[in-house]
Amino acid sequence: MKKTKIITIILAIVLISLVAFGGVYLKTQNRMEDKVKEYALGRELKGERVIELKVSDGTTDGKSKPADEDLTVENYETVKKTVENRLKELGAQDYTISLDKENGTIRVELPEDSNTDTYVYYLTTSGKVEMKEKDTDNVLLNDSMIKKAQYTYTSDSENSYQAYLELTLTQEGQAKLDEIRNDYAVLATEVSEEEAKTKDTNTTENTTTDTSTEENTETTESTSEDTKKIASLTVAGTSYDIEKYEKGKLTVKIGSKTSNTTTANNYVAKAGELAMLINAGKFPIDYEVDTNRYVLSDISEQQLLYFVAGVAIVLLAIFVISIVKYKGRGLLADISFIGFVAILSLLLRYTNVSISIEGIGAILLTLIINLRLNQMILSKTKTMNVVSEAVKTSYKELFLRIIPIMIITVVFCFSGWANLSSFGMIMFWGLALIAVYNVIVTKTLLKLKESK
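Residues numbered from 1 in each chain as written. Predicted model: local features only at pLDDT ≥ 70, side-chain atom pairs only at ≥ 80, totals over all residues. Heavy atoms only, no water.

Draft legend 1. The packing of aromatic side chains, seen in detail. On inspection of all chains with the given rule, the structure shows 8 aromatic pairs. With a centroid separation of 5.2 Å and an interplanar angle of 75 degrees, the aromatic rings of F428 and W429 are classed as edge-to-face. The class of F428 is partly exposed, set by a relative accessible area of 42%. Note that R349 overlies the ring of Y39, its terminal NZ or CZ placed 4.2 Å from the centroid. (Phe/Tyr/Trp six-rings, centres within 6.5 Å; stacked < 30°, edge-to-face > 60°. Buried < 20%, exposed > 50% of the residue type's maximum accessible area, 1.4 Å probe, protein only. Lys NZ or Arg CZ within 6 Å of the ring centre and 35° of its normal.)

Draft legend 2. Structural view of the sheet that holds strand β9 (residues 146-155). An order of β9-β10-β15-β14 is seen for the 4 strands of this open sheet, with the pairing classed as antiparallel. Across the chains shown, the open sheet's two edge strands, defined by having one partner strand only, are β9 and β14 (242-246). Sheet twist, expressed as the average angle between the axes of neighbouring strands with direction ignored, equals 20 degrees. Two strands pair when backbone bridges link them, and β9 and strand β10 (residues 161-169) are joined in this way by 9 bridges, in the antiparallel orientation. In the strand pairing of β10, S155 is matched with Y161. Across the sheet, helix α8 (residues 261-280) touches β9, β10 and β15 (249-258), and the angle it forms with β9 is around 170 degrees. (Pairing = 2+ DSSP bridges. Helix = DSSP H or I, 4+ residues; strand = E, 2+ residues; numbered from the N terminus. Axes fitted to C-alpha atoms, helices over the stretch in contact; angles between N-to-C directions. Contact = heavy atoms within 4.5 Å.)

Draft legend 3. Layout of the pattern of salt bridges. Tallied over the full model, the rule gives 21 salt bridges. Among the ionic pairs, R43 bridges to E48, the shortest N-O distance being 2.7 Å. Taken individually, R43 and E48 each receive the classification buried, so the pair is uniform in this respect. A salt bridge links K249 to E166, with the nearest nitrogen and oxygen atoms 3.7 Å apart. Taken together, the positions of K249 in strand β15 and E166 in strand β10 put the pair 83 residues apart, joining distant regions of the chain. Relative accessible area serves as the criterion here: at 15%, E166 is assigned to the buried category. (Salt bridge = Lys/Arg side-chain N within 4 Å of Asp/Glu carboxyl O.)

Draft legend 4. Structural view of the packing of helix α1 (residues 2-22) against helix α9 (residues 301-350). One way to put it is that α1 packs onto α9 with a least axis distance of 9 Å and a crossing angle of 40 degrees. It follows from the interaxial angle that α1 and α9 lie oblique. Remark: the crossing between α1 and α9 carries left-handed chirality. In this structure, α1 uses I6, I10, I13, I16, S17, V19, A20 and F21 to contact α9, whose residues at the interface are L332, I335, S336, I338, G339, V341, A342, I343, S345, L346 and R349. (Parallel < 35°, antiparallel > 145°, perpendicular 65-115°, else oblique. Left-handed = near helix turned anticlockwise from the far one by under 90°.)

Draft legend 5. Looking closely at the nonpolar core. One finds F340, I369, L398 and I434 to be the most contacted residues of the largest nonpolar core, which totals 41 residues. Every element with two or more residues in this core is listed here: α1, α9, α10 (357-384), α11 (387-401) and α13 (418-450). Per element, the largest residue contribution to this core is 11 residues, and it comes from α13. In this structure, I369 is in contact with L398, I402, I405, M427, L431 and I434, ignoring residues within four places of it in sequence. If you look at the next biggest cluster of nonpolar residues, it comprises 30 residues, including M131, L187, I254 and A275. (Core = buried A, V, L, I, M, F, W, Y, C linked by side-chain atoms within 4.5 Å.)

Draft legend 6. Quick peek at the environment of K380. Inspection of the secondary structure assignment puts K380 in helix α10. Separated by 62 residues in sequence, K380 and I318 place their C-alpha atoms 18 Å apart.

Draft legend 7. Quick peek at the sheet that holds strand β4 (residues 48-55). Here we have 4 strands laid out as an open sheet, ordered β5-β6-β4-β16, and antiparallel in their pairing. Strand pairing shows two members of the sheet lacking a second neighbour, β5 (96-99) and β16 (287-295), which therefore form its edges. Here the strands of the sheet are splayed against their neighbours by 15 degrees on average, with no regard to which way each runs. Sheet topology note: the β4/β16 ladder contains 8 bridges and is antiparallel. Looking across to β16, one finds that R49 is bridged to Y294. Relative to β5, helix α3 (residues 73-89) is tilted by about 170 degrees, and along the sheet it contacts β4, β5, β6 (106-111) and β16.

Draft legend 8. Broad picture of α10. Between the first and last C-alpha of α10 there are 41 Å, a value that for 28 residues agrees with the 40 Å anticipated at 1.5 Å per step. Among the residues trailing α10, N385 stands out with phi positive, at a value near 65 degrees. (Expected span 1.5 Å × (residues − 1).)

Now the structure itself:
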């Protein structure tokens, strides 16, 4: 019975190892495809996308050529900071940004993954907020008067949703808008009223052709006194209606009210996108993408394979020594170690941990710690001859010794720098797996061997 349990555990380890190291291939569209998730490799290992942003020359749609007096290092730095804030808001981690202060060119290096094209899109997307007099270039209020933005939505009893963008104005912006509202229709309701007045006036003028010139003049003067000009708000180049203004905050409607969940989600996502662009900072001058290219890693796939093969050879030598020294227990511990590596491999893939060069160091350190724990357990079972006591003592000794490593692991996990975070996260999952796996698998195998 105990031999059956040992064989069952070993077969389970073999199965997990085949999945981790060989993959699971299923037929997809007339081809066999591995369904096991790939590793998330860092820029140093997988390659990177290099994007260069240059000051716009005015040839790109929606972009204007800046005036010479605006081409300052201060404005270049502002744009660089805005680009960095956008990447942070989007959740990008492993990136570098550099600025050529001579011509304002900004170089951004990003890892190549499924999010890269999205990041590139938002590098130069406009987030400009402007209020202009309708059908003119007269700017009434600009984004320097916007303190911050946030998005929200409301729902009613009929399950209809409306997305909003809320713009909080600076004190200067509030004063300016109060002044604007004396002469301009700003809210959507006011704009509708003014448009209706204009339509009625035009209709009246067209239908009163038989009245006297004096009466027409009086009507025109009276109408012009009652009407206001119309102010139009644009965010990122698109015009939006303002629903209300109170306590220094403009509430802007994004899309229309809808009961369609998909449409509502799209409107809310759009409101969130605009809030992100506004909060990230300003673009005092327009930029455009100059180059967008993929750069191969200096470390080739073949070099990585050689490295993995070297580690495997070293482990094989350690396994042989363990079997010679500890016989059957050594063999079971080695088999258990292979299962540990397989599960660690799958764990790193499905927790989306980015593996950098520092991360590879963390993997090696995890393997060394696990090897050391197994060696301690085997050594103590040889003298104590009681597996449970040997495991307990080995755990206590090992984890007391690696307290500094555990502290470093926690610090690196929250470092904010992608390479250190890679080391920290891999060590975190590695140490957690060491603590759980060896109690469940290694200890069980050795106890079954002990009681045979």
